[in-house]
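Read off the chains here:
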Amino acid sequence: MKSTDIVRAKRPARRRVRFSERISVSFVYVSAGATIGVLFLILGYILFNGFFYKNRVEYPAASFTSDSAAGLVALANTAVKRKELTFDVLRGIYTDGYANWKKISDSAADIYPYLSAQAAARAQPVFGGIGRLSEVSDGVEKMLLYAASNPGGIVLITEEEYEAFAKKIPHQLRRISLRNVALACNTDVTELFGNFKIGTIDESSIEKIYTGSITNWQQLGGKDLPITVILPSSAQFFDSAVSGESEKQLASLFAHAERAERTERDGSAHGGGAARYVYASDSAEYTALLRTVSGAAGLLPLWYADDSIDSLRLARTERGVNLTPAFIFEKPVDGGRFGGISSIILNTLMMIVLTLLFSVPPGLFAAVYLVEYAKEGRLMQILRLGTETLAGIPSIIFGLFGMLIFVQGFGWGICLLSGSLTLALMILPTVVRTAEEALKAVPHSLQEGSLALGGTKIQTIFRVVLPAAFPSISAGIILATGRALGETAALIYTMGSSYNLAHGVFDSTRTLAVHVYLIIAEGISTDKAFAAGTVLIFFIFIINSAAKMLIKRIGARGR
């Protein structure tokens, strides 16, 4: 056989080998890419939701805002962290409906409502009375100072008083925008039909109702009932209810409704299902039409509303920044519902320091003994098997052990020390095993050289072996630290859940991971859970980065 025939005979086999290699390499690349992609997707999702929030929120009033309500101006302390309020909330504040800002804003301060005598006289018929908790005074400037000096202070004055005292308003006070306009409707719209009744609609549906895009309540999930839109004959009806950009938006909405009404009147509208429009000459007729016309709907300043007129809650999507400097540097209040996580971050740092202090030195010494002094045999096999078994035991078991021994047995109670010792026992097997393997990987030639130069065994271990194994040992410590940072089950039984800053090792406290778990389990806030989780991720990233930098510096010195 010729040599060329041999080459030709071998070519197909060579092609088959190359094809199989390509398949294998492609599989490796696809698997690696998919794994990395999924990890980055999970991490990106957590970080995005940690930095930003997007929530579906329901309000009794539309987004139209005004600097005043019925001629009244509200000024709140900046510590309240609220830039706008709905009119019904403002009314609730001054009629003893709220005693604390908890249900209104991200503040746990008590509410201290102040108002001038003129504002009280104007608010009396609008609010239906003034509560006993509200302080009324003729001295406007004194009321302003009271509200400015109190973190939960809010003051109500007239528009005329605001203009007169504009230059004397303390910088601690902020003018509150008020949402005064609700979508009112006839009571037959919200009646129960079957097992359902309409109570909430999307806020964007208001424009569709006014322009005739939606003509029947059935299109919004209600019963089969034509919509009749009540329109004011003059925009003055909404004076003091809206201002600024909202006034332009409302005027544009009414202009669209008027065009739709003219189109319907000229006979070019759709058939019987089209929206009908009815004009009211004044506020009395406007509210009367809402009470009497079946299927009626119309925007209404909230101070005109009463029990004979229903209103629909309006849902809208709100977006904003979730992780703010205030969240990081303020202490938590009311179980984490308000405030930030500053004390929890410090508690986590203290827990990590104590845990590493209790686990790293014993773990390193145990690894040195196992590698340098212990003799191979039955006992060593049992020790290694026990260490590997402990490394795989669920953390909840360590939590039960810590509760029985440290909390109850030693009588320390649920505290920082009990939790740290429990975590130290939990990560100790990981420290021992990684340190043992790192010490075994050190070349024997280094030890022999040290001993040949007259060094003792203990000097060789501490000055040659441990520095050479330090990078690998550090990697094991980083893994153990990461596990301790993310632990929750073992700490709930031993460290507790107090969100206050621990002033000693016998104080109960919580870590970031426990905080994330608790505010999710208690239904407090998913947004705050994502924000705290993002801080925890950065916490681990900083620890890992610092450890790698330390390893590089020590490695450079060693060379």
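Residues numbered from 1 in each chain as written. Predicted model: local features only at pLDDT ≥ 70, side-chain atom pairs only at ≥ 80, totals over all residues. Heavy atoms only, no water.

Caption draft 1: Looking closely at unusual backbone geometry. The phi dihedral of Ala-70 is positive, around 55°, even though this residue is not glycine. Backbone geometry places Asp-334, a non-glycine residue, at a positive phi of 55°. Relative to the helices and strands, Asp-334 resides in the loop between strand E15 (332–333) and strand E16 (338–339). Residue classification places Asp-334 among the partly exposed positions, given a relative accessible area of 24%. (Helix = DSSP H or I, 4+ residues; strand = E, 2+ residues; numbered from the N terminus. Buried < 20%, exposed > 50% of the residue type's maximum accessible area, 1.4 Å probe, protein only.)

Caption draft 2: Seen up close, the UniProt feature "domain: ABC transmembrane type-1" (unreviewed entry) in the protein chain. According to UniProt, the feature "domain: ABC transmembrane type-1" (unreviewed entry) maps to residues 345–547 in the numbering used here. In residues 345–547, helix accounts for 79% and strand for 0%; the two terminal C-alpha atoms are 19 Å from one another. (UniProt positions renumbered as here; feature names shortened; annotations may be inferred.)

Caption draft 3: Structural detail: helix H13 (residues 416–440). Between its terminal C-alpha atoms H13 stretches 35 Å, which fits the 36 Å expected from 25 residues at 1.5 Å a residue. A bend of about 40° at Ile-427 is the largest found in H13, and the proline Pro-429 appears one to four places after it. Counting buried positions along H13 gives 19 out of 25 residues, so the element sits mostly inside the fold. (Expected span 1.5 Å × (residues − 1). Bend = angle between axes of the 7 residues up to and from the residue.)

Caption draft 4: Spatial organisation of the nonpolar core. Tyr-210, Trp-217, Phe-238 and Leu-299 are the most contacted members of the largest nonpolar core, which has 72 residues in total. Split by domain, this core shows at least three residues from each of two domains, domain 1 (65–179) and domain 2 (182–319). Excluding residues within four positions of it along the chain, Phe-238 makes contact with Val-181, Pro-232, Leu-250, Phe-254, Tyr-286, Leu-299, Leu-300 and Pro-301. (Core = buried A, V, L, I, M, F, W, Y, C linked by side-chain atoms within 4.5 Å. Domains from an automatic or database assignment. Contact = heavy atoms within 4.5 Å.)

Caption draft 5: Just the confidence of the model for the protein chain, in detail. Model confidence for the protein chain is summarised by a mean pLDDT of 86, while 94% of its residues fall at 70 or above. The model gives residues 269–274 a pLDDT under 50, and that stretch makes 4 contacts with residues more than four places away or in other chains. (pLDDT = per-residue confidence, 0-100.)

Caption draft 6: Main features of a nonpolar patch on the surface. On the surface, Phe-48, Phe-51, Phe-52, Val-321, Phe-538, Phe-541 and Ile-542 cluster together to form a nonpolar patch covering roughly 710 Å² of accessible area. Every element with two or more residues in the nonpolar patch is listed here: helix H1 (3–51) and helix H18 (526–558). Relative to the helices and strands, Ile-542 resides in helix H18. Exposure remark for Ile-542: the relative accessible area of 53% places this residue in the exposed category. (Patch = residues over 30% accessible without salt bridge, like charges linked within 9 Å, V, L, I, M, F, W, Y side chains within 5 Å. Areas by Shrake-Rupley, 256 points an atom, 1.4 Å probe, with all protein chains shown as cover. Salt bridge = Lys/Arg side-chain N within 4 Å of Asp/Glu carboxyl O.)

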